[in-house]
Structure formats: structure tokens, C-alpha cells
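Working through the structure, step by step
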Amino acid sequence: MSQASSDSNLDVVSLVENVNRRRIGQYALVIFFLGFFFIPLETGIMTALKTNEGVARSLPFAPPTGETFTLSNLQFALERLSRSFVNSLLMAIPATILNVLLASMAAYGLTMVSWRGQIGMLSLFLVGVFVPYQAVLVPLSRFWNNIFPLADLLEPTFAVIPLLQGYHSQLVPLIITHVAYGIPICTILFRSYYKGLPNSLVEAAKIDGASITKIYRRIVLPISKPMFGVVFIYQFTQIYNEFLFSFTLIAGSNADAAPVTLLLPAVGASTSGIDYGIRMSAAFLAALPTILLYVAFAEEFAKGLRTESG
Amino acid sequence: MATQETTESTTVPTEEVVDWQTKLRYFLNSDFVRSSPYWGIPFVLMGIAVYGGIGYNVLISLTDFSGISSPTYTDLDFEMYRTAFANEAFREAAINNLILLVAFTTVSLILGLFLAILLDHGIRYKDKIQTVYLLPMALSFVVTAQLWRWMYNQESGFLNVVVTGLGFEPIDWLGNPEIALASVIFALVWQFSGYAMVVYLAGLQSIPRDQFEAAKVDGASTLRTYLRIIVPQLKESSVSAAVVLMVFALKAFTFLYSLVGQYRPPNGTDILATLMVRQAFKFGKWAYSAAIATMLLLLALSVIAPYLVYQHRQGSL
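Residues numbered from 1 in each chain as written. Chains lettered and ligands numbered in written order. Predicted model: local features only at pLDDT ≥ 70, side-chain atom pairs only at ≥ 80, totals over all residues. Heavy atoms only, no water.

Another aspect to go through is the overall build of chain B. A tally of regular secondary structure across chain B gives 16 helices and 0 strands. Against the compact-globule benchmark of 20 Å for 317 residues, chain B has a radius of gyration of 26 Å, which places it well outside the compact range. Burial statistics for chain B: of 317 residues in total, 52% are counted as buried. The long-range share in chain B, meaning contacts at least 24 apart out of those at least 6 apart in sequence, stands at 65%. Taken as a whole, chain B presents about 15,100 Å² of accessible surface, with 63% of it coming from carbon and sulfur. The average position of the 20 basic charges and that of the 23 acidic charges among the side chains of chain B differ by 6 Å. (Helix = DSSP H or I, 4+ residues; strand = E, 2+ residues; numbered from the N terminus. Rg over C-alpha atoms; globule rule 2.2 N^0.38 Å. Buried < 20%, exposed > 50% of the residue type's maximum accessible area, 1.4 Å probe, protein only. Contact = heavy atoms within 4.5 Å. Areas by Shrake-Rupley, 256 points an atom, 1.4 Å probe, with all protein chains shown as cover. Lys, Arg positive; Asp, Glu negative; His and termini not counted. Charge placed at Lys NZ, Arg CZ, Asp CG, Glu CD.)

This is the structure:
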């Protein structure tokens with residue numbers, strides 16, 4: 001830089017201008033895309049806070065003014081959604097915990113211990129990541145409804161457990177389904193982490209004569225703590241957001257056991273059309289748990305996505 | 001690798017002493033058996049769900065099952081597949097599915113690459129900005145469908161406010177069959193291009209910085225440097241991002257279903273998944289919908305199989 005300036009001032013001036021112009025353009029684009037990704041969300045929030053009249057009269061992205069500001073949409077949506085919130089959490093939390101544990105075990109068995117044919121077994125897991133759920137929908141509904149009606153069998157037991165209702169038994173088949181189909185992706189996430197660990201850790205323990213179980217409990221579990229967090233956040237988001245399984249296994253949005261995603265499209269709908277104020281409020285309430293998780297753990301979430309692709 | 005060699009040398013005894021008892025003892029002591037509780041339990045659960053489910057689905061697709069009592073497995077044939085191919089609605093859904101798959105993946109990749117390069121170039125608060133770009137990805141299809149239904153609203157949605165503000169006629173984004181699919185793809189790109197960006201950012205970070213410097217010394221422009229030197233090195237990122245995006249595209253059912261409304265014939269946006277669910281849950285044609293689902297699975301496998309082979313060849317499996 002200093003050399004260039006001693007050669008000719010004119011060049012430096014044009015260079016600086018050039019760089020500045022490019023920089024400004026670059027930042028303008030960055031800000032444009034901030035708008036691109038944020039406007040649908042912003043429009044939704046603003047609409048959620050407006051009265052019906054406000055929604056009809058004002059611009060969709062404009063903030064509500066004194067008269068058109070209201071919290072009644074949110075209140076109404078919360079009342080409609082509160083039971084399904086409980087259902088969603090009762091479904092997503094146990095399913096995620098089971099999922100993460102089983103996947104960590106599978107990944108351990110498939111990476112840290114080596115045997116012939118491992119790649120073949122791993123491929124069977126990998127295919128499971130990509131199978132479109134439509135391809136198992138018909139069997140799924142037949143299995144849980146006609147062949148093995150677990151929900152009906154469990155209903156009497158659930159009714160006597162405090163805090164739980166009879167209809168919560170319908171969540172059990174749903175949880176098992178989520179765990180089964182979540183295992184492949186979570187296994188791959190754990191595997192990419194275990195593959196990156198130094199080999200020497202396990203080798204040393206092996207030479208000391210530690211058993212496979214001991215190595216898992218004493219060495220692998222403690223060091224994979226951060227990955228447990230990543231996979232938990234990723235998988236909780238997936239299960240909480242999932243729609244198709246609930247749609248298949250729980251009879252309609254009117255059902256008592258309906259999770260949030262199943263109920264949401266019914267909130268604020270009437271014969272005369274959609275009440276967008278209420279609908280947007282409901283959408284944001286429904287998204288709130290994952291948004292909060294995302295805001296708090298954005299880095300971990302991104303990490304989960306990155307390892308998924310690698 | 002090292003572990004494999006040591007286990008093999010201990011498990012394979014010298015040839016003279018091999019009788020079946022020692023063989024069995026060695027087998028039961030092998031790492032395969034001892035580690036099997038770890039991968040075996042998850043595998044059984046997942047295997048029944050995935051492979052058992054697929055098998056049962058194919059079986060049902062060969063029957064005439066229509067929801068009443070139970071399917072009869074005595075006369076199996078491919079009639080449902082023939083019906084599907086003869087059906088105009090099925091062909092249209094299949095074509096829409098392919099358009100969605102290709103257009104969504106291509107646009108998301110290009111936009112994702114562009115965003116990654118934009119952010120990778122000494123932008124301040126890069127991590128924070130990246131977080132905002134990726135935010136839609138954390139939302140459920142059901143939620144984003146509500147947001148875009150409002151954005152696309154014909155009277156007072158955001159897009160038409162802009163369009164009329166510019167002095168044009170309002171556009172029926174989702175009602176006009178000619179542009180409805182494009183509107184859907186646009187919304188999906190909004191949700192998932194951040195994903196492609198994250199993958200590309202990771203890829204860009206693995207490229208040594210001095211390559212930029214070297215290209216600059218050679219007098220190459222930034223654009224040229226990227227097109228000729230950097231982008232070709234991102235091949236692996238592109239492949240893995242493309243595969244995952246395609247899988248998202250194949251799962252777009254939930255988005256369409258929530259956007260268009262329950263079982264309503266989607267206006268030029270019917271894809272195999274929506275067609276399948278309508279046939280099953282609305283009309284009770286379970287065998288027919290199972291046949292559609294099988295073809296959807298074949299479509300997915302035709303994307304995944306080459307990817308798995310590629311990964312295997314690269315040695316990154």
C-alpha cells in the first residue's frame with residue numbers, strides 16, 4: 001500500500017474509491033437480503049398485533065398505530081393452542097431424548113468399534129435419512145390403527161396418571177414413530193462427530209482391557225456431551241415441526257391430542273375466510289419454541305446442519 | 001483401520017485348530033457380536049419402520065385395497081401403476097414434482113452460493129447476519145406456509161401492495177395456475193437457501209486464503225477468481241447441499257398442504273405427495289395412493305443412490 005502511494009497518488013485514490021464502491025455495493029446487497037429473509041416474518045408480526053380493521057386498512061408491513069394495536073389476537077390464539085402446546089411438548093421431548101440416546105449408541109457401534117460389513121450396515125441407515133415419509137404413510141396408519149392399536153390399549157392406563165389424560169395415549173405411537181424415523185439422521189450426525197475424535201483415546205482404553213460398554217460409558221459419553229446438545233436441538237426442532245406423522249396418526253385438528261402443527265391451519269379460519277390477525281398470532285406462537293431455541297443456539301443449529309451435509 | 005487389523009489377527013486362528021466350537025467362540029467374541037447391542041437395537045427399530053414400511057407399502061400397492069376391512073393379498077397385480085400412468089392428474093403431478101425438484105434446487109444453490117461469497121468477503125457481523133439468513137430454516141413448513149399465504153394474499157398481501165404501488169394490476173399469486181408453482185418455489189427458496197449458504201460457507205472456509213492472493217497477484221478479477229478457481233473446488237459442498245435440498249423438495253407436501261388448504265385441488269401445484277395424500281385420506285383409495293408413494297420413493301432413490309455411490313467412491317462414507 002505504502003509503496004503504491006509513493007509511486008503515484010492518483011492510482012491510490014482510484015483504488016480507494018474502487019474498494020469503497022465495491023464495499024458499499026456489498027453491504028447494500030447484504031442489507032437487501034436481510035430484508036428478503038426478514039420481511040415475511042416482520043409482516044406476520046405486525047399483522048398479529050393489529051385489529052381486523054387495522055389489517056384491512058393499513059399496509060401489511062406497517063406497525064400498528066394506537067387505535068389498531070391489539071393483543072386480543074394473541075390471547076385468542078394462545079387459548080386455542082394451549083392444549084396442543086402441551087401435546088407437542090409431551091410428544092417432542094421424550095421422542096427427542098430416546099432418539100438421541102439410541103442414535104449415539106448406534107453411531108458408537110458403527111464407528112468406534114470396527115468390524116467387516118460396517119459400511120453396508122451404515123448404508124442401510126443412510127437410506128433411511130432420505131426416504132420420503134409418504135412411502136410409509138399407508139403402512140403406518142394401518143399398523144397403528146388396525147394391526148397394533150397401541151393407543152387404545154394404553155388409554156385406560158394413561159387416564160389414571162396424574163397430569164395426563166386418556167387422549168395422551170395417542171401420542172405414544174407417534175413418539176415411537178418419530179424415534180424410529182429419527183434414528184438414521186441422528187446416527188449420521190453422531191457418526192461424523194465420532195469419526196473426528198482422536199483414535200488414540202479409545203485405543204489406549206482397549207489396550208488397558210476396557211470392555212466395549214466401559215469405553216462407551218467412561219470415554220465416549222462424556223466427550224460427546226457437546227454433540228448431544230447439537231443433535232438434541234436439531235432433532236427437537238424436527239420433531240416439533242413435523243406435521244405428516246401427526247396428520248396420519250391423529251384424527252384431524254379437532255382431536256384432543258392434536259399437536260400444534262396439526263391445529264395451526266384451523267386457527268382463525270371461518271366460512272368467510274381467514275382472520276389473518278389471529279392466524280399470524282397463532283403462527284408465531286406455534287413457532288415460538290423453535291425460534292427461541294434457534295436464537296439461543298444458532299451456532300449449534302448451524303453446526304448440526306453442516307455435519308448433516310458432510 | 002488399525003483396530004480392524006488387530007481384531008482380525010486375533011479372531012482368525014491358525015488353520016489346523018479350526019473346528020466349529022472354536023469358530024463359534026471366536027465369532028461370539030468378535031467385535032461384530034460384542035458391538036451388536038449398540039447398533040442392533042436402533043437398527044431393528046429403524047429397519048422395521050423404514051424397510052418394513054416400504055415393503056408393506058409396495059405389497060399394498062399391488063392389491064385393490066380401498067380402506068374397507070383389510071386388503072386381500074390373493075390377486076396381486078400392477079393395475080394401480082397402470083391406472084396411475086394413464087391418469088392425467090398423475091402425469092401432471094409427476095411433471096410438477098420434477099419442475100419443483102429441479103428449479104427449487106438450482107435456484108437455492110445459486111442463491112446460497114451467492115450469499116456465501118457475499119458474506120465470506122470480510123463482512124462485519126458475519127455470524128449475526130448468517131443467523132438471520134438461516135432463521136426461516138428453523139421454522140415449520142406449517143408456519144412458513146401461513147406466512148406466505150398472507151404475503152401472497154390477493155387484496156392486501158405484501159407482494160400485491162408493492163405491485164399495485166408500482167402501478168401494476170394485482171397478481172393472483174396462488175390462484176393463477178400458471179404462476180402458482182413458481183410462487184411456491186419462491187417461498188421454498190426463501191426457507192431453504194440459507195441452508196445452501198451454510199454448506200457453502202463451510203466449503204469456502206476450507207479453501208486456503210492464499211489462493212485469493214495468488215489470483216490477485218496474477219491480475220485476475222474477483223469474479224474470474226471465483227468462477228475459475230474457487231467454485232470448482234466447492235464441488236463436494238454442491239453435491240451434498242443439492243442432495244439435501246432435493247430431499248426437502250420431495251418433502252414439500254406439508255408446505256403445499258398448509259398453503260392451499262385441506263384436500264383442495266391445488267391450482268397447478270399438485271405434486272405426487274399431495275396427490276397421494278388426497279387419494280388416500282379423502283377418497284380412501286389406499287392401494288392407488290400406495291402405488292403413487294412407491295413411485296415417489298423411486299424418484300427419491302434415483303437422487304440418493306448416485307449420491308451414496310459418489311460418497312462411497314470418495315471414501316467419505
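That shown, we press on.
Turning our attention to the pattern of salt bridges. By the definition in use, this model includes 4 salt bridges over all chains. One salt bridge connects Glu53 of chain A with Arg57 of chain A, and the closest N-O pair in it is separated by 2.9 Å. Here Glu53 of chain A and its partner Arg57 of chain A are both found in helix α3 (residues 52-57), 4 residues apart, which amounts to about one turn of the helix. Given the relative accessible area of 68%, Arg57 of chain A is considered exposed. Of the charged contacts in the structure, one is a salt bridge between Asp270 of chain B and Arg278 of chain B, with a shortest N-O distance of 2.8 Å. Across this residue pair, the class does not change: Asp270 of chain B and Arg278 of chain B are buried. (Salt bridge = Lys/Arg side-chain N within 4 Å of Asp/Glu carboxyl O.)

All names here are of chain B. The residue Ser183 is located in helix α10 (residues 177-205) in this model. A polar atom in the side chain of Ser183 sits 3.0 Å from the backbone oxygen of Trp173. When neighbours within four sequence positions are excluded, Ser183 is seen to be in contact with Tyr152, Trp173 and Leu174. (Polar contact = N/O pair within 3.5 Å; in protein donor to acceptor, adjacent residues only side chain to side chain.)

Right, let's talk about the packing of helix α6 (residues 137-147) of chain A against helix α4 (residues 36-61) of chain B for a bit. Contact geometry for α6 of chain A and α4 of chain B: axes closest at 8 Å, N-to-C directions at 95°. In this view, α6 of chain A runs roughly perpendicular relative to α4 of chain B, as classed from their interaxial angle. Only Gly53, Tyr56, Asn57 and Ile60 of chain B of α4 of chain B make contact with α6 of chain A, whose side of the interface consists of Val138, Pro139, Arg142 and Ile147 of chain A. Class assignment for the residues of the contact of α6 of chain A with α4 of chain B results in 5 nonpolar, 2 polar and 1 charged. (Axes fitted to C-alpha atoms, helices over the stretch in contact; angles between N-to-C directions. Parallel < 35°, antiparallel > 145°, perpendicular 65-115°, else oblique. Nonpolar A, V, L, I, M, F, W, Y, C, P; charged D, E, K, R; others polar.)

Before going further, it helps to spend a moment on the interface of chain A and chain B. Opposite the 95 residues of chain A that make contact, chain B presents 97 residues. Carbon and sulfur atoms supply 76% of the area that chain A and chain B bury against each other, a total of about 8,800 Å² over both sides. Together, Phe37, Phe130 and Gln134 of chain A form the three largest contributors to the area buried by chain A at its contact with chain B, with a combined 9%. Linking chain A to chain B there are 0 salt bridges. Our enumeration of links across chain A and chain B arrives at 15 residue pairs in polar contact (both at pLDDT 80 or more). Residue contributions to the side of chain A that touches chain B peak at 17 residues, all from helix α2 (residues 9-48) of chain A. (Buried area = accessible area lost by both parts, 1.4 Å probe.)

Residues and elements named next belong to chain A. Within the UniProt annotation, "transmembrane region" (unreviewed entry) is assigned to residues 27-49, 89-110, 122-144, 171-194, 215-237, 243-264 and 276-297. Across residues 171-194, the secondary structure splits into 100% helix and 0% strand, with the terminal C-alpha atoms separated by 32 Å. Helix makes up 45% of residues 243-264 and strand 0%, with an end-to-end C-alpha separation of 10 Å. (UniProt positions renumbered as here; feature names shortened; annotations may be inferred.)

What follows deals with the nonpolar core. One broad rule of soluble globular proteins: the nonpolar side chains tend to lie buried together. Within the largest apolar cluster, 212 residues are counted, with the highest numbers of intra-cluster contacts made by Tyr108 of chain A together with Trp148 of chain B. The two domains that each donate at least three residues to this core are domain 1 (12-57) and domain 2 (71-308) of chain A. For Tyr108 of chain A, the contacting residues outside a window of four places in its chain are Val113, Tyr194, Ile212, Ile215, Tyr216 and Val220 of chain A together with Tyr38 of chain B. (Core = buried A, V, L, I, M, F, W, Y, C linked by side-chain atoms within 4.5 Å. Domains from an automatic or database assignment.)

Attention shifts here to the packing of aromatic side chains. Scanning the entire structure with this criterion turns up 45 aromatic pairs over all chains. Seen in terms of ring centroids, Phe243 of chain A and Phe247 of chain A are 5.5 Å apart; in terms of plane orientation they differ by 20°. Their pairing is stacked. Judged by relative accessible area, which is 2%, Phe243 of chain A ranks as buried. Given the relative accessible area of 10%, Phe247 of chain A is considered buried. For the ring pair Phe32 of chain B and Trp39 of chain B, a centre distance of 5.6 Å and an interplane angle of 45° mean the geometry is tilted. (Phe/Tyr/Trp six-rings, centres within 6.5 Å; stacked < 30°, edge-to-face > 60°.)

Quick look at the side chain of Thr43 of chain A now. Checked against the element boundaries, Thr43 of chain A lands in helix α2. Within the structure, Thr43 of chain A has its side chain in polar contact with the backbone oxygen of Ile39 of chain A (distance 2.7 Å).

With that settled, consider helix α5 (residues 79-86) of chain B. Residue and element names in this part refer to chain B. If you check which residues of α5 are buried, you get Met80, Tyr81 and Ala84. Viewed end-on, α5 has its buried residues packed into an arc of 100°, placing them on one side of the element. What points out from α5, more than 90 degrees from its buried face, is the exposed set Arg82 and Ala86. Looking at the buried residues of α5, the elements they touch are α4, α6 (88-120) and α16 (286-314). (Arc of directions from axis to C-beta.)

Our focus in this paragraph is the domain arrangement of chain A. All names here are of chain A. Here the domain parsing of chain A yields domain 1 (12-57) and domain 2 (71-308). The straight-line distance from the C-alpha centre of domain 1 to that of domain 2 is 34 Å. Considering only the surface of domain 1 that becomes buried against domain 2, Ala48, Leu49 and Asn52 emerge as the three largest contributors, covering 49% of it. Summed over the shared surface of domain 1 and domain 2, the result is 0 salt bridges.

Let us look at the UniProt feature "domain: ABC transmembrane type-1" (unreviewed entry) in chain A. Feature annotation in UniProt assigns "domain: ABC transmembrane type-1" (unreviewed entry) to the following positions: residues 85-297 of chain A. Between the end C-alpha atoms of residues 85-297 of chain A there is a gap of 21 Å, over a span that is 74% helix and 2% strand.

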